[in-house]
Amino acid sequence: MSYKEFSYYYDYFNYNADYDALAQKIHSWAESANLPGKIACDLGCGTGELAFRLSDLNYDVIAVDYSEEMLDVFMDKKAELGYDNILVLNQDITNLDMYGTVDLFTCTFDTVNHLDGREYVQKLFDKVSLFMHPDGVFIFDMNSEYKHTHILKNEKFNFEEEEADCIWQNTLEKENNRTKISIDIVDKQANEKYFEEFYEYFYSLEDIEKMLKKAGMYICKMADGETFKEVLETSPRYLFMVKKEH
């Protein structure tokens, strides 16, 4: 799955996201792992906010996304802000093709949940394992089963802003371990309406560990993806640091 028209409104409606805190947490974990180098690859990079911050932290950044619309926004920001050193690739992250090994892989803001089911999550993990340096790390987050079944559920969220409005409708399909998400956007300045629909899938921690193990990796650190503190049964998001098995 990749965002289309919503890509151009993503930053507008995602202004509460704390990219600074996330980047610092990732950097802290990466430093604790004594990485062999500073090559970082941000998978599902979206509009580039994390990639920019990793670059500011002196990583050599490769940014990958399948959505041409997201990358349109990224490239405009990249040129405006002067991040000429970031390499941007338009690739499906489940069919990743790198030029060499990567020291730090990142994949955040629920990108893994957006993949079309277990088969594609496994493909992603396999590709990361293939291209990650033997002493590198993979840091990613996932919305939890608890969030899908107790918070997102069948809720509707209305976002009303000066330039555009967004109606976000969730439909829980618990038997399929997924939530259908329907987005209606009204651009009040352009007098245009847009609609998108896609799924987020959720998995138990046991299933995530099994898929990682199959890819030859294991979880070495884990935190609540919102507070960065201890994981609770009610944690809406998990943040993982993963290493290769030796």
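Computed from a predicted model, the values in this text were never measured in an experiment. (Residues numbered from 1 in each chain as written. Predicted model: local features only at pLDDT ≥ 70, side-chain atom pairs only at ≥ 80, totals over all residues. Heavy atoms only, no water.)

Participant: Describe in detail the packing of helix 3 (residues 49–56) against helix 4 (residues 68–81), supporting the description with residues and values.
Facilitator: Packed helices, taken two at a time, are described by the angle between their axes plus the distance between the axes. Packing of helix 3 against helix 4 leaves a shortest axis separation of 10 Å and a crossing angle of 35 degrees. Relative to helix 4, helix 3 is oriented so that their crossing is right-handed. On helix 4, the residues that touch Glu 49, Ala 51 and Phe 52 of helix 3 are Phe 74, Lys 77, Lys 78 and Leu 81. By residue class, the composition of the contact of helix 3 with helix 4 is 4 nonpolar, no polar and 3 charged. (Axes fitted to C-alpha atoms, helices over the stretch in contact; angles between N-to-C directions. Helix = DSSP H or I, 4+ residues; strand = E, 2+ residues; numbered from the N terminus. Left-handed = near helix turned anticlockwise from the far one by under 90°. Contact = heavy atoms within 4.5 Å. Nonpolar A, V, L, I, M, F, W, Y, C, P; charged D, E, K, R; others polar.)

Participant: Which residues make up unusual backbone geometry, and what are the values?
Facilitator: When glycine is set aside, most residues are seen to have a negative phi, and most peptide bonds are trans. A positive phi angle, near 75 degrees, is found at Asn 58, a position not held by glycine. Relative to the helices and strands, Asn 58 is located in the loop between helix 3 and strand 2 (60–65). Located in the positive-phi region is Phe 109, a residue other than glycine, with phi close to 55 degrees. Note on placement: Phe 109 falls in the loop between strand 4 (102–107) and helix 5 (111–114).

Participant: Outline the sheet that holds strand 9 (residues 192–201), listing residues and values.
Facilitator: The strand order across the open sheet formed by 4 strands is 6-7-8-9, and the pairing between neighbours is antiparallel. Across the chains shown, the open sheet's two edge strands, defined by having one partner strand only, are strand 6 (156–160) and strand 9. Strand-to-strand twist across the sheet, computed as the mean angle between neighbouring axes with direction ignored, equals 15 degrees. Inspection of the sheet shows strand 7 (residues 164–173) paired to strand 8 (residues 178–187) by 10 bridges, in the antiparallel sense. Residue pairing across strands places Ile 167 opposite Asp 184, the latter belonging to strand 8. Each of strand 6, strand 7, strand 8 and strand 9 is contacted by helix 7 (residues 145–152), which is oriented at about 110 degrees to strand 7, the strand it contacts most. (Pairing = 2+ DSSP bridges.)

Participant: Describe the packing of aromatic side chains, and please don't skip the residues or the numbers.
Facilitator: In the structure shown here, the tally under the stated rule is 10 aromatic pairs. When the centroid spacing of 4.9 Å and the interplanar angle of 40 degrees are considered together, the rings of Tyr 19 and Phe 109 count as tilted. Here Tyr 19, found in helix 2 (residues 19–32), pairs with Phe 109, found in the loop between strand 4 and helix 5; they are 90 residues apart in sequence, far enough to count as distant. In this structure, Tyr 19 and Phe 109 share a single accessibility class: buried. An angle of 50 degrees between the planes, with centres 5.5 Å apart, marks the rings of Phe 125 and Phe 140 as tilted. Of the two residues, Phe 125 is situated in helix 6 (residues 118–131) and Phe 140 in strand 5 (residues 132–143); the sequence distance between them amounts to 15 residues. Each of the two residues, Phe 125 as well as Phe 140, counts as buried. (Phe/Tyr/Trp six-rings, centres within 6.5 Å; stacked < 30°, edge-to-face > 60°. Buried < 20%, exposed > 50% of the residue type's maximum accessible area, 1.4 Å probe, protein only.)

Participant: Could you give an account of the environment of Leu 50, with specific residues and numbers?
Facilitator: Position of Leu 50 relative to the elements: it lies in helix 3. Accessibility expressed as a relative area gives 3% for Leu 50, which makes it buried. In sequence terms Leu 50 and Tyr 238 are 188 residues apart; their C-alpha atoms lie 17 Å from each other.

Participant: Go over the pattern of salt bridges, please, and point to the residues and values.
Facilitator: In the structure shown here, the tally under the stated rule is 11 salt bridges. Asp 110 is the salt-bridge partner of Arg 237, the closest N and O atoms lying 3.0 Å from each other. In this pair, Arg 237 sits in strand 11 (residues 237–244) while Asp 110 sits in the loop between strand 4 and helix 5, placing the two residues 127 residues apart along the sequence. A salt bridge links Glu 226 to Arg 237; the nearest nitrogen and oxygen atoms lie 2.9 Å apart. Taken together, the residues span a long stretch of sequence, with Glu 226 in the loop between strand 10 (217–224) and strand 11 and Arg 237 in strand 11 at a distance of 11 residues. Taking the relative accessible area as the measure of exposure, Glu 226 reaches 42% and is therefore partly exposed. Several salt bridges converge on common partners, so that one network encompasses Asp 20, Glu 49, Arg 53 and Lys 77. (Salt bridge = Lys/Arg side-chain N within 4 Å of Asp/Glu carboxyl O.)

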